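Chain and residue survey
In case you want the letters, here they are:
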Amino acid sequence: NQDVTRGVWLNSIGRYLLVGAPFTLLLMALTFAALRLNRDGKNGYNSFRQEVARREAAEDQLRQSQKMEAVGRLTGGIAHDFNNLLTIISGNLERIKRRLPPNEDRLGRNVDNALHGADRAAKLTQRLLAFSRLQPLQPVMIEANRLVAGMSDMLRRTIGENIAVETVLAGGLWRANADANW
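The text that follows walks through the structure, step by step, so that each part is easy to find. (Residues numbered from 1 in each chain as written. Predicted model: local features only at pLDDT ≥ 70, side-chain atom pairs only at ≥ 80, totals over all residues. Heavy atoms only, no water.)

1. Quick look at the overall build of the protein
- What the protein contains, in helices and strands, is three helices and two strands.
- Going from N to C terminus, the protein has its helices and strands arranged as α-α-β-α-β.
- Computed over its C-alpha atoms, the radius of gyration of the protein comes to 41 Å, more than 25% above the 16 Å expected for a compact globule of 182 residues.
- Along the longest, intermediate and shortest principal axes, the C-alpha atoms of the protein span 145 × 40 × 35 Å.
- A buried classification covers 13% of the 182 residues belonging to the protein.
- Relative to all contacts within the protein whose residues are 6 or more apart in sequence, the contacts with residues 24 or more apart total 75%.
- Summed over all atoms, the accessible surface of the protein reaches about 15000 Å², with 60% contributed by carbon and sulfur.
- For the protein, the distance from the average position of its 25 positive side-chain charges to the average position of its 18 negative side-chain charges is 5 Å. (Helix = DSSP H or I, 4+ residues; strand = E, 2+ residues; numbered from the N terminus. Rg over C-alpha atoms; globule rule 2.2 N^0.38 Å. Buried < 20%, exposed > 50% of the residue type's maximum accessible area, 1.4 Å probe, protein only. Contact = heavy atoms within 4.5 Å. Areas by Shrake-Rupley, 256 points an atom, 1.4 Å probe, with all protein chains shown as cover. Lys, Arg positive; Asp, Glu negative; His and termini not counted. Charge placed at Lys NZ, Arg CZ, Asp CG, Glu CD.)

2. Here we look at helix α3 (residues 144-159)
- Between its first and last C-alpha, α3 extends 22 Å over 16 residues, near the 22 Å set by a 1.5 Å rise per residue.
- Just downstream of α3, Gly160 is the residue with a positive phi angle, here 90°. (Expected span 1.5 Å × (residues − 1).)

3. Digging into the pattern of salt bridges
- In the structure shown here, the tally under the stated rule is eight salt bridges.
- When the shortest N-O distance is used, the salt bridge between Glu143 and Arg175 registers 3.6 Å. Taken together, the residues span a long stretch of sequence, with Glu143 in the loop between β1 (139-142) and α3 and Arg175 in the loop between α3 and β2 (176-179) at a distance of 32 residues.
- In this structure Glu143 comes out as partly exposed when scored by relative accessible area, which is 37%.
- Note on Arg175: relative accessible area 48%, which makes it partly exposed.
- Salt bridges linked by common partners bring Glu51, Arg54 and Arg55 together as one network. (Salt bridge = Lys/Arg side-chain N within 4 Å of Asp/Glu carboxyl O.)

Written out as structure tokens, the structure is:
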């Protein structure tokens with residue numbers, strides 16, 4: 001009786017093993033495949049997030065570049081108009097200077113000071129035009145220390161007294177080929 005029961009039990013277990021074992025292996029393979037896809041999916045998601053971050057950074061750079069281009073165009077337009085006004089002012093000052101009687105020293109000094117101020121404004125305008133790239137670059141041999149010292153003076157006047165500008169010049173520099181307006 002035990003042998004019969006054991007035989008029936010082995011027979012039914014055998015059928016379950018024949019059917020269940022392949023399905024169990026298949027289920028395990030599907031589970032491992034799902035785990036692998038999930039891991040690859042996480043890697044893919046991380047790659048996707050990194051790509052989104054790269055694109056956002058590139059878009060930010062593009063926006064910043066467009067802003068700088070707009071500032072350059074605006075600067076160029078203002079500098080161009082300002083240059084036209086300076087031409088009128090300088091021309092009229094020159095006319096006044098030519099028509100002054102020789103004994104008008106005080107008025108002559110005032111006109112000379114105004115002409116000097118107009119000349120400095122014209123140089124500043126040229127720098128603004130160079131910044132906006134509306135003026136073609138004109139490289140010449142320059143002394144870097146003299147150029148930096150001049151720019152330091154301009155910076156001091158521009159940013160005011162609240163900020164200290166310290167300029168350290170180097171000795172023995174060679175002359176450089178550069179646009180002095182920039």
